[in-house]
Amino acid sequence: MSLPSIVMNVKFPLSVVIALLIPFCLGQWITINCQAQVYTISIAIKDVLVFCLPFVVMSFVTACIMLLRWRALVCLILLMGAVVISNMVALWLGYAVSTLFMPVIEYPWDGNAPGQEGTLCGLWRIHLPVLLTHKQALVVGFIAGIVLNIRCPPTLRYLVLLAEDVSAFFLRYICIPLFPFLVLGFSFKLHADFVQQDVPFILGPTFWLIMLLQMVVIWLYFLMAAGFSWRKARLFLWQLFPAAVSAIGTSSSLYSMPVLMVCTERCGRCPVLARAVIPAILYVHNVGSALVLSILVFDVMRRFGMPLPKPSDFILFSLCYALAKLTVVNVPGGIILIAGPILQATMGFSDGMLGLVTVMYVIFDPFSTAVNVTINGAFAILFSRLCLRWHILSSPEKECHARYLTQRRKH
């Protein structure tokens, strides 16, 4: 199946949605042993994916830097600045919404934290060695691209382009067809954990406030990416819908990255740039998580009778959070594990408050991950659009594609 048919055809989004809903609709008729077997297969697919993705990222980043040449450094500086601004705006947007609506929410705290650990576990595991981490792949790819711009034999340049082709083939024809099976197993795990939770606690006013705010922010990002065209914004959102659904099922931006990269290529004007932007912002640009964290902090403080923090206090927390984002690991709830000590140091959180905000954040993690993935796709489209408008890249689609074809014809 070709790339357009994979991304644009309704079969793939529908298959991912079905895989996500099967455990919640039919889970009570499926035995625990069968669920564990499916979850084990999903873990095996995940392990292979995690093993291969750093090499895919390295090939994409190297090819992008090599094709964009000196413009790559300018793009990197602008990208990091845009990521910092975006994260800070998300935190302060959550602060503003909490200040307006949290005082009028009546949600008494009964002293009992919800949630237990799920019981679904894998039966066996593939233990693959970690040859290259995601961050190492980014650094190696960036350095290799710079070196190839300075001095590079034509044969080596061709091998880099060939590696990019192999990586694209791996994403399109191996990762994408297997992704519904990956989502199915993790959906069984999500269902097993979800049924242990206190549903009235989860579906309270705070939940709906966060969901509404995230939907508004998603639309704002897509409107900006589409040049404030409602028709294009709806088209972009539909094209990135499979990535968002896969993120809910896996609760991981890393596992959803193959789908996100393939979907984003269809929306932007420079697929070469999108392939490099998505891995670069995967861990550092999490708007959905920032919105959830800022509102949950206010919610927990109110439950324990603490006054809402002043803007001056929140500035210190937001700055420390922005720096800590560079060290967050890609696990469900990984951000709150880093933000916990910061909350204790800057907001005066007790152990009980930290435990409550951790439980609530982990519950929200699948939804915030989906928002992170969706907004990252819109951010990549918007960033390439801004690079075009500011003439940082001169017709990058035409230029990069022409260089790519030139290198291919030489060999």
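Please read all numbers here as calculations on a predicted model, not as lab measurements. (Residues numbered from 1 in each chain as written. Predicted model: local features only at pLDDT ≥ 70, side-chain atom pairs only at ≥ 80, totals over all residues. Heavy atoms only, no water.)

Colleague: Help me get a handle on the overall build of the protein chain, residues and values and all.
Modeller: Helix and strand counts for the protein chain come out as 17 helices and zero strands. Looking at the 411 residues of the protein chain, the share that counts as buried comes to 53%. Pairs at least 24 residues apart make up 87% of the contacts formed inside the protein chain by residues separated by at least 6 positions. Total accessible area on the protein chain is roughly 18,300 Å²; 70% of this is exposed by carbon and sulfur atoms. (Helix = DSSP H or I, 4+ residues; strand = E, 2+ residues; numbered from the N terminus. Buried < 20%, exposed > 50% of the residue type's maximum accessible area, 1.4 Å probe, protein only. Contact = heavy atoms within 4.5 Å. Areas by Shrake-Rupley, 256 points an atom, 1.4 Å probe, with all protein chains shown as cover.)

Colleague: Can you break down the nonpolar core residue by residue, with the values?
Modeller: Of all hydrophobic cores here, the largest spans 118 residues; its most connected members are Leu79, Leu171, Met257, Leu296, Leu343 and Phe349. Top contributing element to this core by residue count: helix H16 (residues 351-389), with 18 residues. Residues contacting leucine 79, with those up to four places away along its chain left out, are Val277, Ala280, Ile281, Phe379 and Phe383. Listed in part, the six residues of the second largest apolar core include Ala63, Met66, Leu148 and Leu161. (Core = buried A, V, L, I, M, F, W, Y, C linked by side-chain atoms within 4.5 Å.)

Colleague: Lay out helix H11 (residues 253-267) in plain terms, naming residues and giving numbers.
Modeller: Roughly 35° is the biggest bend found in H11, and it falls at valine 259. Summarising burial for H11: 14 of the 15 residues are buried, a large majority. (Bend = angle between axes of the 7 residues up to and from the residue.)

Colleague: Now, about the side chain of threonine 40: what can you tell me, with residues and values included?
Modeller: Residue placement: threonine 40 occurs in helix H3 (residues 32-68). Setting aside its immediate chain neighbours within four residues, threonine 40 contacts Gly122, Leu123 and Trp124.

Colleague: Break down the pattern of salt bridges for me, with residues and values.
Modeller: Oppositely charged side chains are able to pair whenever their charged atoms sit close together. Considering all chains together, one arrives at two salt bridges under this definition. Between aspartate 47 and lysine 46 there is a salt bridge, with its nearest N and O atoms 3.1 Å apart. Of the charged contacts, one joins aspartate 47 and arginine 125 as a salt bridge, the two residues approaching to 2.7 Å between their closest N and O atoms. Of the two residues, aspartate 47 sits in helix H3 while arginine 125 sits in the loop between helix H4 (71-101) and helix H5 (134-150), which places them 78 residues apart along the sequence. Bridged by salt links that share partners, the residues Lys46, Asp47 and Arg125 form one connected network. (Salt bridge = Lys/Arg side-chain N within 4 Å of Asp/Glu carboxyl O.)

Colleague: Help me get a handle on the environment of methionine 353, residues and values and all.
Modeller: Mapped onto the secondary structure, methionine 353 falls in helix H16. With ten residues separating them along the chain, methionine 353 and leucine 343 place their C-alpha atoms 9.6 Å apart. Residue contacts for methionine 353: discarding those within four places in its chain leaves Val300, Met301, Phe304 and Met306.

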